[in-house]
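# Report on the structure
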Number of protein chains: 2
Amino acid sequence: MLQENYDLMPWPKEITEKPAKFLVNSDVTISINAEDKKHRVRNAAVSFLRRLSNRTGVFLKEGFPVFNKEGSIIISFDNVAQLNVNNNESYTLEVNDSSIIIKAKTDVGAIRGLATLLQLTKNDTTDYYFPGIYIDDTPRFVWRGLMIDVSRHFQPINVLKRNLDAMASVKMNVFHWHLTDDQGFRIESKIYPKLQEYASDGQYYTHEQIKDVVAYANNLGIRVIPEIDVPGHASALLTAYPELGSKKSFSYAIERNAGVFDPTLDPTNEKTYEFLKNLFTEIAPLFPDDYFHIGGDENEGKHWNENETIQAFKIEHGLETNHDLQTYFNIRLEKILNKLGKKLMGWDEILTPSTPTTSVIHSWRGEHEGLEQSTLIEAAQKGYQAVLSAGYYIDRMLPIEHHYTVDPIADAVLSKEERKRILGAEATMWSELVTPTTIDSRIWPRTAAIAERFWSPKDIKDVGFMKKRLKKVSFNLEELGLTHIKNRDVILRNMTNNQDISSLITLSKICEPLKVYERNKDGIEYKSYSPFVLFADACVVDAEDAEIFNDLTSKFIDQPKKVFDVLYYLKLWANNHNTFSMVDKNPKLNPLKDLSKSLSSASQILFNSLESQALSTTDLNNLKNSLVILEQPHVDIEVVITKSLRLLTKYCETNYLK
Amino acid sequence: MLQENYDLMPWPKEITEKPAKFLVNSDVTISINAEDKKHRVRNAAVSFLRRLSNRTGVFLKEGFPVFNKEGSIIISFDNVAQLNVNNNESYTLEVNDSSIIIKAKTDVGAIRGLATLLQLTKNDTTDYYFPGIYIDDTPRFVWRGLMIDVSRHFQPINVLKRNLDAMASVKMNVFHWHLTDDQGFRIESKIYPKLQEYASDGQYYTHEQIKDVVAYANNLGIRVIPEIDVPGHASALLTAYPELGSKKSFSYAIERNAGVFDPTLDPTNEKTYEFLKNLFTEIAPLFPDDYFHIGGDENEGKHWNENETIQAFKIEHGLETNHDLQTYFNIRLEKILNKLGKKLMGWDEILTPSTPTTSVIHSWRGEHEGLEQSTLIEAAQKGYQAVLSAGYYIDRMLPIEHHYTVDPIADAVLSKEERKRILGAEATMWSELVTPTTIDSRIWPRTAAIAERFWSPKDIKDVGFMKKRLKKVSFNLEELGLTHIKNRDVILRNMTNNQDISSLITLSKICEPLKVYERNKDGIEYKSYSPFVLFADACVVDAEDAEIFNDLTSKFIDQPKKVFDVLYYLKLWANNHNTFSMVDKNPKLNPLKDLSKSLSSASQILFNSLESQALSTTDLNNLKNSLVILEQPHVDIEVVITKSLRLLTKYCETNYLK
């Protein structure tokens, strides 16, 4: 089957196989048959050559694109793209025996084609090669984004850059930079320097750094949308400029906990608008993009209710609710932004009857927030451009299957105009619980599959096929310096004080971090400066052994002869507590002891029972006791094989109980 | 024994144990009893709290220094240091049951004390704690440096920052930034923009980035010395400004190979001085340090000899040799630098009779370059300030024992004045063969032991004691994001296409990269863009299993009853080729096949012989054949247990041959 031959992600629109094989040897060269004014293609080509050389071990004679002759890889395109929502990112890619041809309308299309080519690399025992193929590809949505929250935990430039590289490798094209929140204001202001002095703990981006990141992204064909979250989520901002707050003589301070907080800008104070106008005027030129995100979410208006002047203002202006007052605020902001040549974008709370349709709705609330469905379709039908994030909250630590199966449009019936207003979607990486050490493993590899949802045809949705490819894509992301694989062992070495980590690796492969905000449930267990190199931080979603074992168990229940592989894992876990016990104990390991012991105990009993086809009542009771322990949350993780263990227990109880 | 209780590195001048134990719990706080104008201590304290919290898993109530009350850790100092060679970095550290007191003359001394305190962290099964202690510490040398060459392979800002963090953790205080060489000119010039446009492949530091790194280093009490290498090592510079070259109509180009090249600035051309004056005037303010390094090494003067104008100039000015001409050049440069408030520093080729004693000699040539000893002592005796790097060339991939046993002063008898002129020493990380992926494993952990040589009393020199501590220090460097441990597996995953890497890990633990420039011997096998994620790049100096096995073998030869541990390793290696063979082959693995096979074969025969106390002639011959293969270099590595295998073979041949 065609699909099984390639590990492409996102899967292209059309693939045709050809009987050809392009060998990767030292003679490979690239030429660019177009005026590459922005150097996007040249830079992508250099990066391609480095990755190809490192991946294959081939020593290339030419490390840079050649200019005076035709390369064996020939790239051509018509225009240099201005990055906006009208971009053309389509390309064709043809691999022949001795030439590879990439053609595109724009330079950005060309680099998308190069990303596909790199994913085509294959090998046998003697050679690396590209298989003969013809690909015709174009994205389904023009807005394929990743939001990174740098407020809750600051993320240094290099973290952002490597994630931009990863985004480009799966053809994402929007980096939404959530720059401010209660926990920190992360962008320098020369006009309002107290922002960085008092509201950032010294962790912020200078203008030069912002420009550097924007240029880096632009080079990869990625737009950058800044978000300055107002009027709520303003604890940090108001720490620096308390006079703009809605509650007088309130002691504003950078927030260290997680949650929704009261500090809110005063929308009835003209100085608020003066401040935002000056700030936006200063910041806007750093971000060449047309869109500017003003947040606008989760303002519960408590401080507004407590402020008599604000209440009087509402009456005076005929604003019935706090929501109306916020709309008044948004309309003022939109005028400021329009003058700066920007479209106002905000989270879906900004969607009210009086919100002008020139605003852009970023739909984040979905079923779990009490809505029947996201506001995306509604917004588009009402005339707003809209972007979807409901369903793509990767910080909820849900399996990739969950996100992959969310289709932004689903079965909605839309007119052509309405469809055009649905720009696309964004995965959101909120950072209450992630640090530079762990952020990559929270974003990747799941976001690669989400990127496919945003790029590929709607009917590419087979979960098994996606998972097979995702494994390869995940591995190849290491080439970009991503730490999602390697930092597991770093954390486990920390856990064990650099002793044998094999038992913890085994545990980590069947444990996942608590989901849907169950970790740090009330927002106060973890502060922003709490440790995040704990066992939960080493664990990832879609735990690899659990996926395999759960699958094996289903098969076994269907066909009880297929027992060997199940026994293999049970034996592995049965023995694991011995290894765990040989590591010198330290306070960080103690909370894992019960988990390790119960897993070994349950696995041993199940192993014995399945092997001997017998089960005593005593063993059954011990087994059930161990399962109860395993089913509880442990140090912020859950064991994700417990359902399978229950199934096996049931099976043994039914068939083997003496 | 006192020494065995602590993993401090560098070892302090004086330690006294006290019967006390300071528990690390959530109440730990830090206060700073001094005006911390540069925020060095505050920043170090925040970093200390983060590392302590992550290391211990303790959730601290206060994530920042406290100001309105006394902390449980009390830091005081007298003055904010100006970073220069007169700095006082001494401190005292006292750990009591419920308080820790760090006192220093300067803020930099205080942060050195905090670094020591973090290294004191210990634990039992229930708690982390600091043991009762009194330390009185001060460095032996005022100049304790690491040079990083960013020309041969560019190193991004984050690589530099994490290495600065690592330097500070072992109390190094000079970062020598080798910014230019034949392979790239890595610093922006606004006056001469062709430098970055044509001489850097786009890989250079902007002024803002330079300032950022300098500020980052300053915050850690680390001085930054820039090096602009002239008049040789100028291929890149002359690619941008060929008119300054010594050979007319020469086709200058960025060099892709390694070695010593001919392109050299023309010291007889006034425009050369005008250029350097403007460039230095532009660059110097970015580096507040008093010292400015102009390189001056390895100019073989070939292009000078070929240029008649230059030859005429020499005669005209009474300059007999090219060396004299270079001294003329250096004297001109020194005047430029002096006007900028800088001292000229250069590699020891600049040491000639007419070189003014205001210059600073950086001694790099030693025995292996044909000198009987380094020029350090000679320079000091002749009145020059001097810094030593001979003996500390970590790119030569020699065991740490080699560098650790080099004492800068050794047995030299010096006057007080002469001694004062010996400022200290620098480890040098030349980067022909290192990339951002591998540089950390080439610098660390060996440089931590070198840092001890530069800081600790001369009599701290027990190699075994150092190695024991180095292991712990190396592990703790991971907290700073250093990649020297974790990137081994990244490279091995790349080697195997993400299959089982256990057999390669086993091999990597007995293999070391070729030493003393045997890898890439003629400088042309590897170009700067060649792959550096090969097996040799996963291997490190002081291969861990080899160290253990070689030691076990020595002990066995002394006491042949001690055979178990030797057999353990032989069995591991005997079985290893089976595991290796189960990994799907790809072109990158093929060159390792003979090595893996011969190791298994030799180990199996030795295992059988030692266990059965018998050896057949056939087996002996096979064994010897395998050893011959193992003793050859393989894909840029050497197997560093071959001497031990030879010893064991000899033993079996002598005692067990039938």
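Computed from a prediction, not measured in an experiment: that's the story for all the values here.

For chain A, the count of helices and strands is 24 helices and 19 strands. Scaling as 2.2 N^0.38, a compact globule of 658 residues should have a C-alpha radius of gyration of about 26 Å, and chain A matches this with 27 Å. Within the span of chain A, comprising 658 residues, buried residues form 61% of the whole. Nonlocal contacts in chain A, meaning residues at least 24 apart in sequence, comprise 77% of its contacts between residues at least 6 apart. When the accessible surface of chain A is summed, it comes to about 24800 Å², and 49% of that surface belongs to carbon and sulfur atoms. Side-chain charges of chain A comprise 77 positive and 89 negative groups, with the mean position of each set lying 3 Å from the other.

Attention shifts here to the pairing of strand 3 (residues 73-79) of chain B. Residues and elements named next belong to chain B. As paired elements, strand 2 (residues 30-32) and strand 3 share 3 bridges and run parallel to each other. Bridge pairing in strand 3 places I32 opposite I75. In the classification by handedness, the crossover that spans strand 2, the intervening helix 1 (residues 40-56) and the parallel strand 3 is left-handed. As paired elements, strand 3 and strand 5 (residues 100-106) share 6 bridges and run parallel to each other. Note on strand 5: the bridge partner recorded for N79 is T106.

Once that is clear, we can look at the pattern of salt bridges. Under the counting rule described, the total for this entry stands at 72 salt bridges over all chains. Close ionic contact of K302 of chain A with D262 of chain A constitutes a salt bridge, the shortest N to O distance being 3.1 Å. Pair noted here: K302 of chain A is in helix 8 (residues 302-305) and D262 of chain A is in the loop between helix 6 (235-240) and helix 7 (270-283), with a separation of 40 residues, a long-range link. Taking the relative accessible area as the measure of exposure, D262 of chain A reaches 23% and is therefore partly exposed. The partner of R40 of chain B in a salt bridge is D107 of chain B, and the shortest N-O contact between them spans 3.0 Å. Residue R40 of chain B is found in helix 1, and its partner D107 of chain B is found in helix 2 (residues 107-119); the two are separated by 67 residues along the sequence. Comparing R40 of chain B with D107 of chain B shows no difference in burial state: the two are buried.

Turning our attention to the interface of chain A and chain B. Of the residues lining the interface, 51 residues belong to chain A; the matching set on chain B comes to 51 residues. With both sides pooled, the region where chain A packs onto chain B buries about 4100 Å², and carbon together with sulfur makes up 56% of that total. In this structure, the connection of chain A to chain B is made through 2 salt bridges. Among the salt bridges present, the one from R493 of chain B reaches E478 of chain A, with a minimum N-O distance of 2.7 Å. Counting the contacts that link chain A with chain B gives 22 residue pairs in polar contact (both at pLDDT 80 or more). Listed by contribution, the elements that provide at least two residues to the side of chain A that touches chain B are helix 1 (40-56), helix 5 (207-219), helix 16 (463-477) and helix 17 (486-496) of chain A. When residues of the side of chain A that touches chain B are assigned to their parent elements, the largest contribution, 6 residues, is made by helix 17 of chain A. Its residues assigned to classes, the side of chain A that touches chain B comprises 15 nonpolar, 17 polar and 19 charged.

What follows concerns empty space enclosed by the protein. Overall, the coordinates contain 4 cavities of 30 Å³ or more when judged by the stated rule. By volume, the largest cavity amounts to about 70 Å³. Lining of the largest cavity is provided by 13 residues; of these, R256, A258, E432, K527 and S528 of chain B occupy positions nearest its centre. Residues of the lining of the largest cavity, tallied by class, amount to 4 nonpolar, 5 polar and 4 charged. In this model, the second largest cavity occupies a volume close to 50 Å³. In this structure, the second largest cavity is lined by R152, Q183, R256, N257, A258, E432, N520, Y526, K527 and S528 of chain A. In terms of residue class, the lining of the second largest cavity is built from 2 nonpolar, 4 polar and 4 charged.

The next point concerns the environment of Y392 of chain B. Residue and element names in this part refer to chain B. Checked against the element boundaries, Y392 lands in the loop between strand 16 (385-388) and helix 12 (400-404). Judged by relative accessible area, which is 0%, Y392 ranks as buried. When the C-alpha positions of Y392 and P513 are compared, they lie 17 Å apart, and in sequence the two are 121 residues distant. With residues near it in sequence (within four places) discarded, Y392 still touches H403, V406, D407, P408, A425, E426, A427, T428, I450, R453 and F454. At a separation of 2.6 Å, a polar atom in the side chain of Y392 contacts the main-chain carbonyl oxygen of V406.

Okay, the sheet that holds strand 13 (residues 291-295) of chain B next. All names here are of chain B. Spatial strand order, 8-9-12-13-14-15-16-17: 8 strands in a closed barrel with parallel pairing. Looking at each pair of strands side by side, their axes are set apart by 25 degrees on average, direction ignored. Pairing analysis gives 3 bridges linking strand 13 to strand 14 (residues 343-347), with the strands arranged parallel. Residue pairing for strand 14: H293 is matched across the bridge by M345. Helix 7 (residues 270-283) rests against strand 12 (223-230) and strand 13 of the sheet, and its axis sits at about 165 degrees to strand 12.

This next bit is on helix 1 of chain A. All names here are of chain A. Along its 17 residues, helix 1 runs 24 Å from first to last C-alpha, staying within 8% of the 24 Å computed at 1.5 Å per residue. Listed in full, the buried residues belonging to helix 1 are R40, V41, A44, A45, V46, F48, L49, R51, L52, S53, R55 and T56. Backbone geometry just after helix 1 places G57 at a positive phi near 75 degrees.

As a further point, take the sheet that holds strand 13 (residues 291-295) of chain A. One key point about sheets: their strands pair by backbone hydrogen bonds, in either a parallel or an antiparallel sense. Residues and elements named next belong to chain A. Taken in spatial order, the 8 strands of this closed barrel run 8-9-12-13-14-15-16-17, and their pairing is parallel. For this sheet the average axis-to-axis angle between neighbouring strands, irrespective of direction, equals 25 degrees. Packing against the sheet, helix 7 makes contact with strand 12 (223-230) and strand 13, and its axis sits at approximately 165 degrees to strand 12.

Residues and elements named next belong to chain B. By the secondary structure assignment, H634 is in the loop between helix 23 (617-631) and strand 19 (637-639). The class for H634 is buried, based on a relative accessible area of 6%. What H634 contacts, discounting residues up to four positions off in sequence, is L595 and I629.

Aromatic rings considered in pairs are described by the distance between their centres and by the relative angle of their planes. Under the defined criterion, the tally for this structure stands at 58 aromatic pairs over all chains. Their ring planes at 80 degrees and their centres at 5.7 Å tell us that Y651 of chain A and Y656 of chain A sit as a pair that is edge-to-face. For Y651 of chain A, a relative accessible area of 17% corresponds to the buried category. Ring centres of Y392 of chain B and F454 of chain B lie 4.9 Å apart, and the angle between their planes is 90 degrees; this geometry places the pair in the edge-to-face category. Pair noted here: Y392 of chain B is in the loop between strand 16 and helix 12 and F454 of chain B is in helix 15 (residues 446-455), with a separation of 62 residues, a long-range link.

Residue and element names in this part refer to chain B. In terms of strand pairing, strand 4 (residues 91-95) meets strand 5 through 5 bridges, oriented antiparallel. Note on strand 5: the bridge partner recorded for Y91 is A104. Hairpin connection of strand 4 to strand 5: 4 residues between the antiparallel strands.

Below, the discussion takes up the relation of the copies chain A and chain B. Under the fitted operation, chain A is carried onto chain B by 0.0 Å of movement along the axis and a turn of 180 degrees, and the coordinates agree to an RMSD of 0.1 Å. The relationship between the two copies is best expressed as a two-fold rotation axis. Interface overlap between copies: 100% of the residues of chain A at the interface are likewise at the interface in chain B, consistent with a symmetric, same-surface contact.

Procedures and definitions
Per chain, residues are indexed from 1 in the order of the written sequence. Starting at A for chains and at 1 for ligands, labels are handed out in the order in which the entities are written. The model is predicted, so local features are restricted to residues of pLDDT at least 70 and side-chain atom pairs to those at 80 or more, both for listing and for counting; the totals for chains, interfaces and linings are taken over all residues. As a rule here, side-chain values cover all heavy atoms of the structure and leave hydrogens and water aside. Helix and strand definitions here come from DSSP, where helices need a minimum of 4 consecutive H or I residues and strands a minimum of 2 consecutive E residues; each element is numbered from the N-terminal end. Values of the radius of gyration come from C-alpha atoms, whereas the globule rule sets the reference at 2.2 Å times the count of residues to the power 0.38. Note on exposure labels: buried denotes an accessible area under 20% of the residue type's maximum, exposed denotes more than 50%, and partly exposed covers the range between, all computed with a 1.4 Å probe on protein chains only. Whether two residues are in contact is decided by their heavy atoms: any pair within 4.5 Å suffices. The Shrake-Rupley method, run with a 1.4 Å probe sphere, supplies the accessible areas, and residue values consider only the shown protein chains as cover. In this charge count, Lys and Arg are treated as positive and Asp and Glu as negative; neither His nor the chain ends contribute. Where a charge sits is defined by one atom per residue type, namely NZ (Lys), CZ (Arg), CG (Asp) or CD (Glu). DSSP bridges decide pairing: two strands pair if at least two such bridges lie between them. The crossover handedness rule: strands pointing away from the viewer, path from first strand over the helix to second strand clockwise, crossover right-handed. Salt bridges are defined as contacts in which a side-chain nitrogen from Lys or Arg sits within 4 Å of a carboxyl oxygen from Asp or Glu. Put simply, buried area is the surface a 1.4 Å probe can reach on two separate parts but cannot reach once they are joined, added for both. Two N or O atoms form a polar contact when they lie within 3.5 Å of each other; inside protein one atom must be a possible hydrogen donor and the other a possible acceptor, and for residues adjacent in sequence the pair counts only when both atoms belong to side chains. Throughout this entry, Asp, Glu, Lys and Arg are counted as charged residues, while Ala, Val, Leu, Ile, Met, Phe, Trp, Tyr, Cys and Pro are counted as nonpolar. The remaining residues, Gly among them, count as polar. For each structure, a 1 Å grid was placed over the protein atoms alone; sets of points admitting a 1.4 Å probe that cannot get out are labelled cavities, open sets with protein on both sides within 12 Å along at least five of seven lines are labelled pockets, and lining residues have an atom within 4 Å of a point. Grid points are joined across faces, edges and corners, and a volume is the space filled by probe spheres set on the points. For helices, the axis comes from a line fit to the C-alpha atoms of the stretch in contact; other axes are also lines fit to C-alpha atoms, and the angle between any two N-to-C directions lies between 0 and 180 degrees. For a helix, the expected span equals 1.5 Å multiplied by the residue count minus one. Classification of ring pairs rests on two measures: the distance between centres of Phe, Tyr or Trp rings, Trp counted by its six-membered ring, which must be within 6.5 Å, and the angle between planes, read as stacked under 30 degrees, edge-to-face over 60 and tilted in between. Only residues with pLDDT of at least 70 in both copies contribute their C-alpha atoms to the least-squares superposition of the copies.

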